[in-house]
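Listed below are the residues making up each chain.
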Amino acid sequence: MSLLVALGIAFAGSVSAAQSTNVAAGTHALDQATAAAIRNKVTENWNVAPGLPGLKDVHVQIRLKLDRSGQIMGEPQTTTHGGPKSTQSAIAASALRAVLRAAPFGNLPQAQFDNETSSVEVILNFEPGDMAL
């Protein structure tokens, strides 16, 4: 069983975080400080090429699982929509690079892991349309 945490993290001109109300029954959500730390670490590593066509319309979501030490488990799953396919690909690649560069994500609250929970699932939403490039 994994601990589902949906960080409604919109990586844009103004970065915000909100916890999902869709947390699975019997699991625990990460606290806001931990969500903010993950968001900030990824944001520091995210670079978007200016001038991509349809940039404001592209949205990327990356789902990943973290183990107790904050290491990424398996391959992150990327979903894109909006804008031209070439821009989707470029933004998805830059978002994935940011996540991989930011890992590991330390200081995860160990109290939220129990004997059945060996991972936490994190959902990152990237919306570059409002960035000041």
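Refer to the structure presented above.
Residues numbered from 1 in each chain as written. Predicted model: local features only at pLDDT ≥ 70, side-chain atom pairs only at ≥ 80, totals over all residues. Heavy atoms only, no water.

1. Examining the pattern of salt bridges
All told, the structure shown has two salt bridges when counted by the stated rule. Close ionic contact of aspartate 57 with lysine 56 constitutes a salt bridge, the shortest N to O distance being 3.5 Å. In this structure aspartate 57 comes out as partly exposed when scored by relative accessible area, which is 36%. Overall, lysine 56 belongs to the exposed group, its relative accessible area being 61%. (Salt bridge = Lys/Arg side-chain N within 4 Å of Asp/Glu carboxyl O. Buried < 20%, exposed > 50% of the residue type's maximum accessible area, 1.4 Å probe, protein only.)

2. A word on unusual backbone geometry
Backbone torsion omega between alanine 103 and proline 104 reads 0 degrees, so that peptide bond is classified as cis. Following the sequence through the fold, proline 104 ends up in the loop between helix H2 (85-102) and strand E4 (119-126). Non-glycine residue asparagine 107 carries a positive phi angle of around 60 degrees. Tracing the sequence through the fold places asparagine 107 in the loop between H2 and E4. On the basis of relative accessible area, asparagine 107 is assigned to the exposed category, the value being 77%. (Helix = DSSP H or I, 4+ residues; strand = E, 2+ residues; numbered from the N terminus.)

3. Regarding the packing of aromatic side chains
Under the counting rule described, the total for this entry stands at one aromatic pair. Seen from their ring centres, tryptophan 46 and phenylalanine 126 are 5.0 Å apart, and the 70 degrees between their planes marks the pair as edge-to-face. Taken together, the residues tryptophan 46 in the loop between helix H1 (32-44) and strand E2 (59-67) and phenylalanine 126 in strand E4 connect sequence positions 80 residues apart. Residue tryptophan 46 shares its accessibility class with phenylalanine 126, and that shared class is buried. Above the face of the phenylalanine 105 ring, lysine 41 is positioned so that its terminal group lies 5.7 Å from the ring centre. (Phe/Tyr/Trp six-rings, centres within 6.5 Å; stacked < 30°, edge-to-face > 60°. Lys NZ or Arg CZ within 6 Å of the ring centre and 35° of its normal.)

4. Remarks on the side chain of threonine 87
Checked against the element boundaries, threonine 87 lands in helix H2. Judged by its relative accessible area of 0%, threonine 87 is buried. Here the side chain of threonine 87 touches proline 53 through a polar contact of 2.5 Å, landing on its backbone oxygen. Beyond its immediate stretch of four places on either side in the chain, threonine 87 contacts Leu52, Pro53, Gly54, Leu55 and Val58. (Polar contact = N/O pair within 3.5 Å; in protein donor to acceptor, adjacent residues only side chain to side chain. Contact = heavy atoms within 4.5 Å.)

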